[in-house]
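Residue-level listing of the chains:
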Amino acid sequence: METSYQIAVSFLVTLLLLSFFMFLLYKVRKIRTERDVRKAYFNSISRIWLGLLIAVFGLNTIIQFSSAVSYIVGGLFIIIGLYNVWHFNAARKYFKANLPIEEKAWAEFNRKSGQNGK
């Protein structure tokens, strides 16, 4: 029993760290891009990872501390985290569908600004 507890906690901590680093990665990608739709797309992906981070933190709280308060707080964190994942996944799908439209507009803008400069 103790070995499975240690494995579960180690797995959750690893998932916490992974989701935190992925959240930071997509926030940096959002900051570094110039295009608006891509910014929104990367922001929605980063918020999905943040929701996963919150949900895993709630699950970790429930597993490590067995009290009524930790069950309530962990349950709230899981609910909020899963809502974030669900909501921003829908936003990610919306912005992903608009990426080709933005790509065409960006190419046309570059083509027109190249003609005006010559």
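Criteria and thresholds
- Residues numbered from 1 in each chain as written.
- Predicted model: local features only at pLDDT ≥ 70, side-chain atom pairs only at ≥ 80, totals over all residues.
- Heavy atoms only, no water.
- Salt bridge = Lys/Arg side-chain N within 4 Å of Asp/Glu carboxyl O.
- Helix = DSSP H or I, 4+ residues; strand = E, 2+ residues; numbered from the N terminus.
- Buried < 20%, exposed > 50% of the residue type's maximum accessible area, 1.4 Å probe, protein only.
- Expected span 1.5 Å × (residues − 1).

As recorded in an unreviewed UniProt entry, the chain goes by YtpI family protein and comes from Salinicoccus siamensis.

A. Quick peek at the pattern of salt bridges. Applying the stated criterion to the full structure yields three salt bridges. Here glutamate 103 and arginine 38 are joined by a salt bridge, their closest N and O atoms 3.0 Å apart. Of this pair, glutamate 103 sits in helix H3 (residues 68-117) while arginine 38 sits in helix H2 (residues 36-64), placing them 65 residues apart in sequence. For glutamate 103, a relative accessible area of 34% gives the class partly exposed. In this structure arginine 38 comes out as partly exposed when scored by relative accessible area, which is 26%. For glutamate 108, the salt bridge goes to lysine 112, with nearest N and O atoms at 3.3 Å. Of this pair, glutamate 108 and lysine 112 are both found in helix H3, four residues apart, which corresponds to roughly one turn of the helix.

B. Summary view of helix H1 (residues 2-32). Between its first and last C-alpha, H1 extends 45 Å over 31 residues, near the 45 Å set by a 1.5 Å rise per residue. Every buried residue of H1 is listed here: Val9, Leu12, Leu16, Ser19, Phe23 and Tyr26.

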